[in-house]
Amino acid sequence: MAAAKKAVQYLASITSWPTNSSRTWAYLISGLAMTEYYLATGEEWVRSELREIYDFLIWSQYTSFPSQVNFDSNHWKPKDNTLGIGGWGHNAGFEGYGPIGMPTGMGGLVFSLMQRCGISVNRSRHQLVYDFMRRSTDERGFVWYTDYWSKSPGREDGIGRTGASAIANWMSLYSGGQYREDALRHARCLGDMALSFPDTHASPTMGCGFIGLGAFIAPASFRKVMDANRWWFSLAQTHQGTFYQSPGRQPYGEADTRFSVSAAAALIFLTKKRNLWVTGKGREFEDWVRRTYPNNMAAFNPWGDVNRDGRTNWRNFLDSQTTPVINPNPASFAVAPRAISPTSVTMTATAGSSSSGAVQYRFVEMTGNPGGNSSSWQSSRVYTDHGLNPNTFYAYQVQMRVGTFAGVESGRQTVITPPPENEISVIRSQPFSLQSGWGLKKVLGLGSFDAHGADKLIVVVSTENGSNDASGAVLDLRYNNRRLVRAAGSFVNQGSAEIWYLDNPGPIGSGGLKVSGSAPNGGVGCVMAVRGTRLGVGAANARGNETAKVIALRTRGERSLVVSAVTNSGNPNHAGLMEPVAPLTKLHSAVWGNGWASHSCGYMFVESSSTVKSFFTGATGSGYSMNLVSVEFLTGSSRDPEVAPRIGDVDGDGVTDQTELIFGLNPEDPEMSNPHVRPLHPINGTFQYTRLDDALTGYEFRIFTSTDLKSWSRDFGAVQTAGVPNGKKIETVTVTISRGLLGRDRRFVKVVAIPKTG
């Protein structure tokens, strides 16, 4: 503690305000160290230093335009009074780079810790910090550089900011589940992006420390971070036990990188000891304050005397603890929360025991979503939350207590209430981008999307062929390595618009969403998780030409969902952005490449069987390839008894589009449905067929023979010799069947394409 005091005294000496405007980082890190030191020791001199830091942070926080903008700066400046509000940058206001995510997350944490030290923090100023962080957070929970998030996933440059935002939200003393929920989103993101730990942009040492603190909020995420970076904690460590250098950029101005990086590693290793307020030291005290002084923020200062009785708040807290033994601790669910109706969720806690008295249970709804309710302390282990909203996400924890002593909360359990009966609902959607080239590849930008809880996954895909000499159509689409079914597709000239689906998809798992196309030159799409549908699809239609902007569909059921999409493949590179027109609800619109092609998709609900039209706006003209597709998905209450899983067959020749693409045929030409080039020779046993280069399709090709067209046997001895693929990657294969199969009066052969595993 003597060394800590010496360090804090040094920080106090360099934070005498007013000072020049280039010290924001120094004030922030000093605020973090001083608050933790005060909370550990209660030394009153520290609070006067903290007030100086608070005054500086209030002065330097960007809150107005243009008075705080240095227009002589060579760096970026705001155009209006909406950008950067509530944040801090390298310097005060908008001098330098302007407000950015890392110091703003730190500022929110400093404010939260100052409240625990008895410093009165302006709530509106504090709320501006949370607003800044939420603007900079994308749907995955990742915090971008400034106060808006990029629409180009894949350009992330570090997760230190996400860690700072996670712990800042977690330490908020304000009521309401949004802060806690935001903290958990950030923490889960840190686990999902664990391999980004070594890249913390320009604040590597500090960033690594905040990653550890933020991930520690969610134990599973902390485990992912530690496991994924076991190599760094091993290989970067010297024989002395110190750490040689930071894993990202070298920290500027630091003479001894071993000292600073070792300190960050030590912080991460010591989180489990919970000897700092940011790692959970004061959690029991704060729970006691919330129960005992629910409306008195000053009571969160452990060294204060809110009762004015000569005893500190901390002393009163310690005296209140009878420390009875409660089992289990943390609490847990015997039956996890589950929906029993569109408006009710029930759950059961694991039975608790204690020799110190009767056990009580409290169930807490954590999301704050409309309709959700927490229970009071009760003796029953069963709790049913009524009055919920249909088709809504909720999350619950359970806690136990004996007398006034409460144990540790359980893990967070989530549930989604079902939609009202006989209704389809879109429970979540997410756009994505395709990778170019042949082969099965994961899509980009899917983030944390998961179809868990849905009964159908719908994927809308637009592609363009890289050579402008084929459709670029999708050959294979998998969700967590399960193959989807093509409901319909249009493949005119060099573009493709397609809709695929998978019934009962389940969690996304480690397989993600993968697409294999016919030499796609990129592409985009949108994935939808839907609930309330029947198996398969109802009606479907596809069309394409140079000027098409509308597609009609004769629906078959009641209260059905219609999904429609258009692909505009510009040739050469002049695709205009397409947009859906009401009554379509827009899902996604985008252009990829240098105007190579554009994509737009949307959905609408149709009350009864009728002809509905889906309209799109955008540029068309000579040389354009417009492809449209529309598919109906029926409710679980549909009266149509003939609904069954279907596979697209655009030209109606009885051969699926997918099969024709795999065998190098044109799925829009009913006269081109047979890949056999040369029939079986009765003497030498050879025949020929066409296919796409099998190295590109994800399929293997097997030979079967028969004498009666009823019983088929695989010819394991058949020899297949592939010719050189042409410019469209189509090859002619010569097959020689086994000699022992010749000599019969009749011999039939067939080629079967079998999906490769993985």
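Quick caveat: nothing in here was measured; it's all calculated off a predicted structure.

A few words now on the confidence of the model for the protein chain. Confidence in the prediction for the protein chain averages 85 pLDDT; 89% of positions are at 70 or higher. Between residues 251-255, whose pLDDT stays under 50, and residues either more than four places distant or in other chains, the model counts six contacts. Counting contacts from residues 637-646, a segment whose pLDDT is below 50, to residues more than four positions away or on other chains yields 27 contacts.

Burial of strand E19 (residues 560-569) is extensive: ten of the ten residues sit out of reach of the surface. Neither face of E19 is open: one carries Ser 560, Val 562, Ser 564, Val 566 and Asn 568, the other Leu 561, Val 563, Ala 565, Thr 567 and Ser 569, and all of them are buried. When E19 meets strand E22 (residues 597-606), the two strands line up antiparallel, connected through ten bridges. Looking at E22, one finds that Val 563 is bridged to Tyr 603. Pairing of E19 with strand E24 (residues 625-633), which is carried by nine bridges, proceeds in the antiparallel orientation. Of the residues in E24, the one forming a bridge with Ala 565 is Val 629.

Looking now at the sheet that holds strand E26 (residues 686-692). Taking strand neighbours across the sheet as the criterion, the four strands line up as E25-E26-E30-E29 in an open arrangement whose pairing is antiparallel. Two strands lie at the open edges of the sheet, namely strand E25 (676-678) and strand E29 (719-722), each paired on one side alone. When strand polarity is set aside, the average angle formed by the axes of neighbouring strands in this sheet is 30 degrees. Both E26 and strand E30 (residues 730-736) contribute to a ladder of seven bridges, which runs antiparallel. Counterpart to Gln 688 in the pairing with E30 is Thr 734.

The subject of this paragraph is the pattern of salt bridges. Taken as a whole and assessed by the stated rule, the structure comprises 20 salt bridges. A salt bridge links Asp 503 to Lys 456; the nearest nitrogen and oxygen atoms lie 2.4 Å apart. Of the two residues, Asp 503 is situated in strand E14 (residues 495-503) and Lys 456 in strand E10 (residues 456-465); the sequence distance between them amounts to 47 residues. Residue classification places Lys 456 among the buried positions, given a relative accessible area of 0%.

Quick look at the nonpolar core now. In this structure, Met 34, Leu 57, Leu 109, Phe 111, Leu 113, Met 114 and Phe 210 are the most contacted members of the largest nonpolar core, which totals 58 residues. Apart from the residues within four sequence positions on either side, Phe 111 is in contact with Tyr 54, Leu 57, Ile 58, Trp 88, Val 121, Arg 125, His 126 and Val 129.

Our focus in this paragraph is the packing of helix H5 (residues 123-135) against helix H6 (residues 160-170). In the contact formed by H5 and H6, the axes pass within 11 Å of each other and the chain directions differ by 140 degrees. The angle between H5 and H6 falls in the class oblique. For the crossing formed where H5 meets H6, the hand is left-handed. The residues of H6 that touch H5, namely those facing Tyr 130, Met 133 and Arg 134, are Ser 165, Ala 168 and Asn 169. Considered class by class, the residues forming the contact of H5 with H6 number three nonpolar, two polar and one charged.

Attention shifts here to the packing of helix H4 (residues 101-116) against helix H8 (residues 204-215). Orientation of H4 relative to H8, taken along the N-to-C sense of each, is 50 degrees, at an axis distance of 12 Å. Between H4 and H8, the angle falls in the class oblique. Considering only the axes of H4 and H8, their crossing is left-handed. Within the contact between the two elements, H4 uses Met 102, Met 106 and Leu 109 and H8 uses Met 206, Gly 207 and Phe 210. Within the contact of H4 with H8, the residues separate by chemical class into five nonpolar, one polar and no charged.

Attention shifts here to the side chain of Glu 286. Tracing the backbone through its elements, the reader meets Glu 286 in helix H12 (residues 283-292). The residues touching Glu 286, leaving out its near neighbours within four places in the chain, are Arg 116, Leu 173, Trp 277 and Phe 300.

A separate point is empty space enclosed by the protein. One pass over the full model with this rule turns up one cavity of 30 Å³ or more. Volume-wise, the largest cavity comes out at about 50 Å³. Contributions of two or more residues to the lining of the largest cavity are made by strand E9 (441-442) and strand E15 (513-517). When grouped by side-chain class, the residues that make up the lining of the largest cavity number four nonpolar, four polar and two charged.

Definitions and cut-offs
Position numbers for residues count from 1 along each chain, tracking the sequence in the order it is written. Per-residue local features of the predicted model are confined to residues with pLDDT of at least 70, and side-chain atom pairs are confined, for both listing and counting, to 80 or more; whole-chain, interface and lining totals are unaffected and use all residues. Values shown for side chains rest on all heavy atoms present in the structure; no hydrogens or waters enter the calculation. Known as pLDDT, the predictor's per-residue confidence is scaled from 0 to 100. It only takes one pair of heavy atoms within 4.5 Å for two residues to be counted as in contact. Residue exposure (1.4 Å probe, protein chains only): buried if accessible area is under 20% of the type maximum, exposed if over 50%, otherwise partly exposed. For the purposes of this entry, the term helix denotes a DSSP run of H or I that reaches at least four residues, the term strand denotes a run of E that reaches at least two, and both are numbered from the N terminus. At least two bridges found by DSSP between two strands are what make those strands a pair. Only C-alpha atoms enter the line fits that serve as axes; for helices the fit covers just the stretch in contact. Angles between N-to-C directions range over 0 to 180 degrees. A side-chain nitrogen of Lys or Arg and a carboxyl oxygen of Asp or Glu constitute a salt bridge if their distance falls within 4 Å. Here, the term nonpolar core denotes a set of buried Ala, Val, Leu, Ile, Met, Phe, Trp, Tyr and Cys residues that are joined through side-chain atoms within 4.5 Å. Throughout this description, any angle smaller than 35 degrees is read as roughly parallel, any larger than 145 degrees as roughly antiparallel, any in the 65 to 115 degree range as roughly perpendicular, and the remainder as oblique. In this scheme the handedness of a crossing depends on how the near helix is turned from the far one: anticlockwise by less than a right angle means left-handed, clockwise means right-handed. Think of it as three bins: nonpolar holds Ala, Val, Leu, Ile, Met, Phe, Trp, Tyr, Cys and Pro, charged holds Asp, Glu, Lys and Arg, and polar takes everything else, Gly as well. Only protein atoms enter the 1 Å grid used here, on which a cavity is any set of points holding a 1.4 Å probe that cannot leave and a pocket is any open set flanked by protein within 12 Å on both sides along at least five of seven lines; residues with an atom within 4 Å of a point are listed as lining. Grid points are joined across faces, edges and corners, and a volume is the space filled by probe spheres set on the points.

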